[in-house]
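Here is how the chains run, residue by residue.
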Amino acid sequence: MSPTNRTVVVTGIGATTPLGGDAASTWEALIAGTSGVKPLEQEWAAEQAVRIAAPIAVEPTEVIPRPQARKLDRSAQFALIAAQEAWKDAGFTDKAGEDSSVDPDRLGAVIASGIGGVTTLLDQYDVLREKGVRRVSPHTVPMLMPNGPSANVGLLVGARAGVHTPVSACASGAEAIGYAIEMIRTGRADVVVAGGTEAAIHPLPIAAFGNMMAMSKNNENPQGASRPYDVARDGFVLGEGAGVVVLESAEHAAKRGARVYAEAVGQGVSADSHDIVQPEPEGRGISHALQNLLDNTDLDPAEIVHVNAHATSTPAGDIAELKALRKVFGDDADHMAVSATKSMTGHLLGGAGGVESVAVVLALYHRVAPPTINVENIDPEAEANADVVRGEARKLPVEGRIAALNDSFGFGGHNVVLAFRTV
Amino acid sequence: MAATQEEIVKGLAEIVNEIAGIPVEDVQLDKSFTDDLDVDSLSMVEVVVAAEERFDVKIPDEDVKNLKTVGDATDYILKHQA
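It should be emphasised that the depicted structure is a prediction, and the values quoted were computed from it without experimental measurement.

Rules used throughout
- Residues numbered from 1 in each chain as written.
- Chains lettered and ligands numbered in written order.
- Predicted model: local features only at pLDDT ≥ 70, side-chain atom pairs only at ≥ 80, totals over all residues.
- Heavy atoms only, no water.
- Helix = DSSP H or I, 4+ residues; strand = E, 2+ residues; numbered from the N terminus.
- Rg over C-alpha atoms; globule rule 2.2 N^0.38 Å.
- Buried < 20%, exposed > 50% of the residue type's maximum accessible area, 1.4 Å probe, protein only.
- Areas by Shrake-Rupley, 256 points an atom, 1.4 Å probe, with all protein chains shown as cover.
- Lys, Arg positive; Asp, Glu negative; His and termini not counted.
- Charge placed at Lys NZ, Arg CZ, Asp CG, Glu CD.
- Domains from an automatic or database assignment.
- Contact = heavy atoms within 4.5 Å.
- Buried area = accessible area lost by both parts, 1.4 Å probe.
- Salt bridge = Lys/Arg side-chain N within 4 Å of Asp/Glu carboxyl O.
- Nonpolar A, V, L, I, M, F, W, Y, C, P; charged D, E, K, R; others polar.
- 1 Å grid on protein atoms, 1.4 Å probe; cavity = no way out; pocket = protein on both sides within 12 Å on 5 of 7 lines; lining within 4 Å.
- Points joined across faces, edges and corners; volume = space filled by probe spheres on them.
- UniProt positions renumbered as here; feature names shortened; annotations may be inferred.
- Polar contact = N/O pair within 3.5 Å; in protein donor to acceptor, adjacent residues only side chain to side chain.
- Pairing = 2+ DSSP bridges.

Further remarks concern the overall build of chain A. Tallying secondary structure elements over chain A gives 15 helices and 15 strands in all. Taking 22 Å as the expected radius of gyration for a compact globule of 423 residues, we find that chain A reaches 20 Å, a close match to that expectation. Oriented by its inertia axes, the alpha-carbon framework of chain A measures out at about 60 × 55 × 40 Å. Burial status across chain A gives 60% buried among its 423 residues. Accessible surface, chain A: about 15,800 Å² in total, of which carbon and sulfur atoms supply 51%. Here chain A contributes 34 positive and 51 negative side-chain charges, whose respective centroids are spaced 6 Å apart.

In structure tokens:
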């Protein structure tokens, strides 16, 4: 029988983001407080109300050979780049089986995106209308299917224990990592490559999010547009990219002598059942997720010193989350350094949980919390409920076991909180 | 004006290069699309559509399965081009 409550650790990380083409350059830019937001220079942007975004720092076609890239949606390209980096970072030299330190039957992949292959779908519809049925690419279906990035990562590493794609809008990446933790904890797999990806910088999503009044229209000041907790925040800035971690049972990692970044303690999950897009203003659903995390793991609130908040820079959402942290943790919230890295990366939707988990793991590993940039006048409700890391990065306690949370919430009322801890 | 065998091979080589990244000089009459040129079944559909446009020929789906090598495709196009 498989053990059903195994310890899970992080042994590899990878990312490609608006701040850098890998995890190291992304981390360096996060700690330096760098904004990845830029004006949209494309011709189609001129007529949009929102003309800013956080595009990828290194174009995937600079990394993936063109014959392979043209069969992959941009979201799958990001996922493959981040997964390849994480796989190598974990010390694997080849795909499972060919690298004998991992059994393909015990290896999984769980990569999620919020929207899937939206640019492929829309581009191919343009082909259909402009050039006719015969010219629609035969690769369209495997490119646009939401499980495409997960399936391609599964093929890359040779995963046969299961390849999955949980979808929950902007909580998707975190839900993927939570699902992967459970696969290992319950004994279904020894190693799982997990994370999130998104590539939605295209006129239709920008117009749609813009018309929902969800995005910042601060076109005159791109680098100052994503400003969680600031009184002048007016919505999120769309980012793109992917973040991937390699999760592994502690036993499997020890057996092959792998470097361990952190323990993946577990997840807390809930649903608001309040509104299809509006957050529940008091953060009740988020509180429920945080409480589930405490009930389902041995996490001690006293050891939580850092929270990578969901905080997308929307007026209602940013505050609801901080209220929930205060409600559940009480005075323990005083020692939690809260960082909103979306102030720098923009909001990667389904990619956010992946990239921000990489950021949390590195924050614990280096014992430093990234800053929240652009907080010039902090919202009094934010200040009353949380200790927001503003302006510059902040050192975390240098000694003892410390833990950190990564919050992700999605349209539809999905709440996922992931917890990591030093080893 | 109908294309010659040489022109067709050259055209197919450029198409295969574009789709599968195989160097044009490796695309020879005796080469199999799937076994030698890294053209999978979906990419073969792309090769066929590109060849139809380039050589003004119709290649029905039921004939595609008979086009195993570059030579097969070249002969087919020579015979059926408008």
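After that view, the rundown keeps rolling.
Our next topic: the domain arrangement of chain A. All names here are of chain A. Here chain A is partitioned into domain 1 (8-262) and domain 2 (266-422). Every contact between the two is made by 68 residues of domain 1 and, on the other side, 64 residues of domain 2. Carbon and sulfur atoms supply 71% of the area that domain 1 and domain 2 bury against each other, a total of about 4,800 Å² over both sides. For the pair domain 1 and domain 2, the number of links is 3 salt bridges. Here D318 makes a salt bridge to R233, at a shortest N to O gap of 3.4 Å. Ranked by residues supplied to the side of domain 1 that touches domain 2, first place goes to helix α7 (residues 172-185) with 9 residues. Here the side of domain 1 that touches domain 2 is composed, by residue class, of 37 nonpolar, 22 polar and 9 charged.

All names here are of chain A. Taken as a whole, the largest pocket holds about 570 Å³ of empty space. Forming the walls of the largest pocket are 33 residues, and the residues nearest its centre are V277, Q278, P279, T314 and F411. For the lining of the largest pocket, the elements supplying multiple residues, two or more each, are α12 (315-329), β14 (403-410) and β15 (414-421). Here the lining of the largest pocket is built from residues that sort into 15 nonpolar, 12 polar and 6 charged. Split by domain, the lining of the largest pocket shows at least three residues from each of two domains, domain 1 (8-262) and domain 2 (266-422).

Moving on: the UniProt feature "modified residue: O-(pantetheine 4'-phosphoryl)serine" (unreviewed entry) in chain B. Residues given the UniProt feature "modified residue: O-(pantetheine 4'-phosphoryl)serine" (unreviewed entry) here are S41(B). Here S41(B) shows up in helix α3 (residues 41-55).

Contact residues are listed per partner, giving 16 residues for chain B and 10 residues for chain A. For the pairing of chain B and chain A, the buried interface totals around 1,100 Å² over both sides, and the portion due to carbon and sulfur atoms is 41%. Inspection of the region where chain B meets chain A yields 6 salt bridges. Measuring nitrogen to oxygen at the nearest pair gives 2.3 Å for the salt bridge that ties E53(B) to R135(A). Viewed at the interface, chain A and chain B are joined by 7 residue pairs in polar contact (both at pLDDT 80 or more).

A word on the pairing of strand β4 (residues 107-112) of chain A. Residues and elements named next belong to chain A. A large share of β4 lies buried, amounting to 6 of its 6 residues. Side chains of β4 alternate between two faces, with L107, A109 and I111 and G108, V110 and A112 buried alike. One ladder, built from 6 bridges, connects β4 with strand β6 (residues 191-198); its direction is parallel. When the sheet's bridge partners are listed, A109 is paired in β6 with V193. Alignment of β4 against strand β5 (residues 162-164), held across 3 bridges, turns out to be parallel. The residue of β5 that forms the bridge with A109 is V163.

All names here are of chain A. For strand β8 (residues 262-271), a buried count of 8 out of 10 residues is recorded, marking the element as mostly surrounded by other parts of the structure. Pairing between strand β1 (residues 8-16) and β8: 2 bridges, direction antiparallel. Looking at the pairing, V10 lines up with A262 of β8. Sheet analysis places β8 next to β15, joined by 8 bridges and oriented antiparallel. Bridging from a neighbouring strand, A264 pairs with F420 of β15.

Residue and element names in this part refer to chain A. Inspection of the entire model under this criterion finds 31 salt bridges over all chains. Close ionic contact of R74 with E59 constitutes a salt bridge, the shortest N to O distance being 2.9 Å. A residue pair is termed long-range when its members are at least 10 positions apart, and R74 in helix α3 (residues 74-89) and E59 in the loop between β3 (52-53) and α2 (66-69) qualify at 15 residues. Judged by relative accessible area, E59 falls into the partly exposed class, the value being 31%. With a shortest N-O distance of 3.2 Å, R390 and E383 are connected by a salt bridge. R390 gets classed as partly exposed once you look at its relative accessible area, which sits at 38%. Here E383 falls in the partly exposed class, since its relative accessible area comes to 47%. Counted as one network, the salt bridges with shared partners bring together E263, D298, E303, R401 and R421.

UniProt tags residues 5-422 of chain A as "domain: Ketosynthase family 3 (KS3)" (unreviewed entry). Annotated as 35% helix and 19% strand, the span residues 5-422 of chain A places its first and last C-alpha atoms 19 Å apart.

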